[in-house]
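# Report on the structure
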Amino acid sequence: MSRFARAFAELLAPATGLDVDELAAAIGPPPRPEMGELGFGCFPLAKLLRKAPPAIAAELAAAVAPAGAIREVRAEGPYVNAFLDPQIVAREVLPDVVDRGDAYGTLDIGRDGCVPVDFSSPNIAKPFGIHHLRSTVIGHALVRMLRAAGYRPVGINHIGDWGTQFGQLLAIWELEGDEQRLREEGISYLLALYVEFNTRKVEQPELQDRARAMFKLLEDGEDEARRLWKLFRDVSLAEFERVYAMLGISFDDICGESFYENRMGAVLEQLAGKQLLTESDEATVIDLEAWDLGTALVKKRDGSTLYLTRDLAAAEYRHETYTFVRSLYVVGAAQALHFAQMIKVLDLLGKPWHAAIQHVPFGMMRFDDRKMSTRKGDIIFLEDVLVRAVDLARETIEKGAREKGRELPENIDEQAHKIGVGAVVFNDLKNRRTRDVVFKWDEVLSFEGATGPYLQYTAARIASMKEKYGRAVSGDVDFSRLSDPDELRLALAIEALPHSLRRAVDACEPSFVADRLLDIAARFSTLYARKDWKVISEDEPLTAARMLLAASTRQAIVNGLDWLGIDVPTRM
Ligand code: ARG
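Now for a look at the structure at hand.

So, how was this worked out
- Residues numbered from 1 in each chain as written.
- Predicted model: local features only at pLDDT ≥ 70, side-chain atom pairs only at ≥ 80, totals over all residues.
- Heavy atoms only, no water.
- Core = buried A, V, L, I, M, F, W, Y, C linked by side-chain atoms within 4.5 Å.
- Buried < 20%, exposed > 50% of the residue type's maximum accessible area, 1.4 Å probe, protein only.
- Helix = DSSP H or I, 4+ residues; strand = E, 2+ residues; numbered from the N terminus.
- Contact = heavy atoms within 4.5 Å.
- Pairing = 2+ DSSP bridges.
- Near = heavy atom within 4 Å.
- Polar contact = N/O pair within 3.5 Å; in protein donor to acceptor, adjacent residues only side chain to side chain.
- Areas by Shrake-Rupley, 256 points an atom, 1.4 Å probe, with all protein chains shown as cover.
- Nonpolar A, V, L, I, M, F, W, Y, C, P; charged D, E, K, R; others polar.
- Axes fitted to C-alpha atoms, helices over the stretch in contact; angles between N-to-C directions.
- Parallel < 35°, antiparallel > 145°, perpendicular 65-115°, else oblique.
- Left-handed = near helix turned anticlockwise from the far one by under 90°.
- Salt bridge = Lys/Arg side-chain N within 4 Å of Asp/Glu carboxyl O.

## Digging into the nonpolar core
- Formed by 156 residues in total, the largest nonpolar core has its most connected members in Phe8, Phe40 and Leu564.
- By residue number, the principal contributor to this core is helix H22 (residues 540-564), which donates 12 residues.
- Residues contacting Leu564, with those up to four places away along its chain left out, are Ala141, Met145, Val425, Phe426, Leu429, Pro510, Val513, Ala514 and Leu517.
- Of all hydrophobic cores here, the second largest spans 30 residues; its members include Leu271, Tyr317, Val345 and Leu349.

See below:
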C-alpha cells in the first residue's frame, strides 16, 4: 500500500468509521488523470449509512480537510478523489531512491524465513524443454524476489534422474550404445536412443521386460548399470549447466530424485502405519477419492517406487533440513493433481507443515515459429532459443550501428547477450503465469512495446544522460521545479515499486513487478517524448531536479529487472 494511499485513508477514517487498513486497501488510482491520483469508491458505506454513494462522496469531500501530500479532496460521482502535491511527493520519494540505490524497493517482510523453491527440475537424458524454461525463469525470479523481500530462499533443482525410463535406456544401450557418440552428441543421442527403444519394442515386446530387469539392476546398485546411469546423468547435467550459465542461474541444492531412493522405505512405513495403503493387482495405492483426488500410486507391483513417493520423501527432507515458512514448487499446471495428492497425503500423515506447501503452476508456451521445432514438432531446445535470441539481438545492434554510420559498440558481446537473454526471460515473466504464452520472435526482441529490451533501453538511455550530466545526482534539489502532472505520475509509479514486490511475492506472481516496470518506463517515455520537456538544459536547478527524477527511474527499473533475473547492459 502506497504511503499516500495510507495518508488518504487516515484522513477519511474518522469521517467514515472504517478502519485505516480497510480503507487503504480500497483506494486506487482513478481512471483518468484529471480526476486526481487516488480514489475511494463509497459503495461499502452505502448500506451502513443508508445513503446513495454519490451523496456520501459529496459529504466526505466536504468533511475532509486536505493535509500533507494531499492538497485537495473532491467528489466525483460515487467516488472521493484526492489530488496530491507533486512537490511533496517528489521530496518524499526520490531522494530515498538515490540514497538506497540498489537496495531501493527491498523489504523485510520475510523476516529471514526460509523458503525452498523447487524450480527448473528437468529430466536427465531428456532435452531441456520449453516448459522447463518457464519453470526455470519463473522460479529464478521467485527466488530473487523472495530474497529482495527479506526471505531466505533456497533454490532447489529436483532433477528427474530416477525411474523406470532409465531401465529402457539401459536396455537399448545394451544393444547399440556407443560411448563415443554419447560424449560427442550428449542429450540428443540419449533422446535418439529413447526413440529407438520405442520403435523397436513394437516388434520386440521382450525389450520391455529387459527394461524392467535393467531398472532392477540399477536399483540394486549393480556396477555397470550404475556407471552408465551416472554417465548419462553427468552428460545431461553438463548440458543443463550451459543453459543455466547463459541465464545466470545457480542453485543452492541440486538434489535429484535418486537422492531419495534410500528414504523410500521410511515413507512407505509411515504410510502403512497410518493405514493409508491399499494393495491392488498392479500397484500399491492411496485412495484419495474422498477428497476428489483419485488414487495416488506409490509403488508398482515389481516394487519400484514412483514419482509421488519420491516427492513425499523430498517434502519431508526439505522440512527437516530447512524448517521452512513456505515451500514452493514451480511446475506446470499439468501436475496440479500430483501436488494436490502430495499435500493431501502429507496432511493424512499428520504433518501440519503441509499447509505451507504451495504448487506454483504456470501455463504452456507455444512458438509461432516452426523453424525452432524438431521433426516431431513438440520439442524445442531451450539452448537453441537462447542462442538464437542472442544472435538476433546482435544483428539488431549491427544494423543500428550501420544505419547510424557508427562503429560497432565495444561491448557488443555483453550487449547482445543481455538483450537476447533478457528478452526471452521478460517475455515469459510479463504474463500472468497461469496464462498460456505464445512466443513471437519479432515481438520478444522488439525495442518497443512491453519487452525486456524496451526496459533495458530506457535504463541505458538514462545512464548516458547521467554521463552527459557529468555530476553526481543529488537528492537535495529544488522540488518546486518538479510540478508537472506527468512528473508526479512517474514519481508515484516509482514509489509503488516495493508494493508491487510485496504483492508479487505473496501471490508468486513476477508479472506484478513486470507490470510496474512497464508502467514506470511508459511514464518516463511520455515525458521524454514531449517537446517541452528535456532533462538536461541551461537551467541548472531544473536539470538537477529532473536528473534526480530520471536517475530514480533508472534505479527502479534496474532493481526491478534484477529481481526478475534480468541484467541491464551498461550502454545500448
Ligand atoms: N522432473 C519433473 C518434470 O520434468 C518436474 C519435477 C518438479 N518437482 C518436483 N518436486 N516434482 O516433469
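## With respect to the pairing of strand E3 (residues 79-84)
- Judged by how many residues are buried, E3 sits mostly within the fold: five of six residues are covered.
- Here four bridges tie strand E1 (residues 38-41) to E3, and the two strands are oriented antiparallel to one another. Looking across to E3, one finds that Gly39 is bridged to Asn81.

## Structural notes on the site of the ligand
- Close to the ligand lie Asp118, Ser121, Asn123, His132, His158, Tyr307, Asp311, Tyr329, Val331, Gln335 and Phe339, which account for all nearby residues.
- Between the ligand and the protein, one listed contact pairs a nitrogen atom with a side-chain N or O atom of Asp118 at 2.7 Å.
- In the environment of the ligand, an oxygen atom lies 2.9 Å from a nitrogen or oxygen atom belonging to the side chain of His132.
- Taking 350 Å² as the accessible area of the ligand by itself, protein coverage stands at 91%.
- Partitioned by chemical class, the residues of the shell around the ligand number four nonpolar, five polar and two charged.

## Structural notes on the packing of helix H5 (residues 86-100) against H22
- Where H5 contacts H22, the two axes come as close as 9 Å, and the packing angle between them is 60°. With respect to their mutual orientation, H5 and H22 come out oblique. When the axes of H5 and H22 are compared, the crossing they make is left-handed. Packed against H5, whose contacting residues are Leu94, Val97 and Val98, the element H22 presents Leu548, Leu549, Ala551, Ser552 and Gln555 at the interface.

## Re the pattern of salt bridges
- Considering all chains together, one arrives at 40 salt bridges under this definition.
- Notably, a salt bridge pairs Arg183 with Glu179, separated by 3.3 Å at the nearest N-O pair. Pair noted here: Arg183 and Glu179 are both in helix H8 (residues 179-185), with a separation of four residues, about one helical turn.
- Among the ionic pairs, Asp413 bridges to Arg394, the shortest N-O distance being 3.0 Å. With a gap of 19 residues between them, Asp413 in helix H16 (residues 412-429) and Arg394 in helix H15 (residues 382-403) connect regions that are remote in the sequence.
- According to the relative accessible area criterion, Arg394 is partly exposed, its value standing at 25%.
- Sharing partners across several salt bridges, the network here consists of Glu179, Arg183, Glu224 and Arg227.

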